[in-house]
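So you can see what is in the structure, the chains are spelled out below.
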Amino acid sequence: MGNTYNWYSQLIKPSWSPPAWLFGPVWSVLYVLICSFFRESFLGCGTQTIPFVIALPFILNLFFNFIFTTIQFGLKNNYLAALDILLVLSTLIWAMIVIFPYAKWVTYIQIPYVLWVAFATILQFTVTYLNK
């Protein structure tokens with residue numbers, strides 16, 4: 001763990017990069033919001049049956065989200081991490097679009113998540129560029 005912290009702390013980051021301590025609390029809140037996708041995608045919207053097309057982008061989003069840490073901090077690969085965070089953002093937008101007709105509130109509650117991921121995408125691409 002210390003080796004990973006040393007590696008990441010030595011990367012060149014933009015001046016607008018948030019402090020490391022902020023990521024834990026932000027992701028804790030975001031995972032609560034992400035759970036609304038699970039509730040609606042797998043348990044259904046009331047009595048309505050949700051097609052698999054709703055669950056697919058959610059599943060992919062969770063997969064790409066969960067492997068990001070392994071790619072960034074385990075493999076220490078900024079290029080793959082940049083690709084992965086782009087996939088997180090893309091699948092999130094896709095998921096928000098497909099669930100909107102079934103549960104608008106789920107789309108609205110994901111706005112903080114999509115804003116954070118958009119910011120994280122810009123940050124990751126900037127870190128990747130600065131450390132090429």
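Here we summarise the structure given alongside this text. (Residues numbered from 1 in each chain as written. Predicted model: local features only at pLDDT ≥ 70, side-chain atom pairs only at ≥ 80, totals over all residues. Heavy atoms only, no water.)

1. Re the packing of aromatic side chains
And step 1. Within the structure shown, the criterion is met by ten aromatic pairs.
And step 2. On the numbers, 5.6 Å between centres and 70° between planes, the contact of Phe-23 with Trp-116 is edge-to-face. Linking Phe-23 in helix 2 (residues 23–43) with Trp-116 in helix 6 (residues 111–130), this pair joins segments that are 93 residues apart in sequence.
And step 3. On the basis of an interplanar angle of 85° and a centroid distance of 5.9 Å, the ring pair of Phe-100 and Tyr-108 is categorised as edge-to-face.
And step 4. For Phe-100, a relative accessible area of 30% gives the class partly exposed.
And step 5. Within the aromatic cluster, the residues linked to one another by ring pairs are Trp-16, Phe-23, Trp-116 and Phe-119.
And step 6. We note Lys-13 situated over the ring of Tyr-8; from NZ or CZ to the ring centre the distance is 4.7 Å. (Phe/Tyr/Trp six-rings, centres within 6.5 Å; stacked < 30°, edge-to-face > 60°. Helix = DSSP H or I, 4+ residues; strand = E, 2+ residues; numbered from the N terminus. Buried < 20%, exposed > 50% of the residue type's maximum accessible area, 1.4 Å probe, protein only. Lys NZ or Arg CZ within 6 Å of the ring centre and 35° of its normal.)

2. A word on helix 4 (residues 78–99)
And step 1. Here helix 4 contains 22 residues, and its C-alpha end-to-end distance of 31 Å stays within 8% of the 32 Å for a straight helix at 1.5 Å per residue.
And step 2. One side-chain oxygen at the N-terminal end of helix 4 lies 3.1 Å from the backbone nitrogen of Tyr-79; it belongs to Asn-77. (Expected span 1.5 Å × (residues − 1). Polar contact = N/O pair within 3.5 Å; in protein donor to acceptor, adjacent residues only side chain to side chain.)

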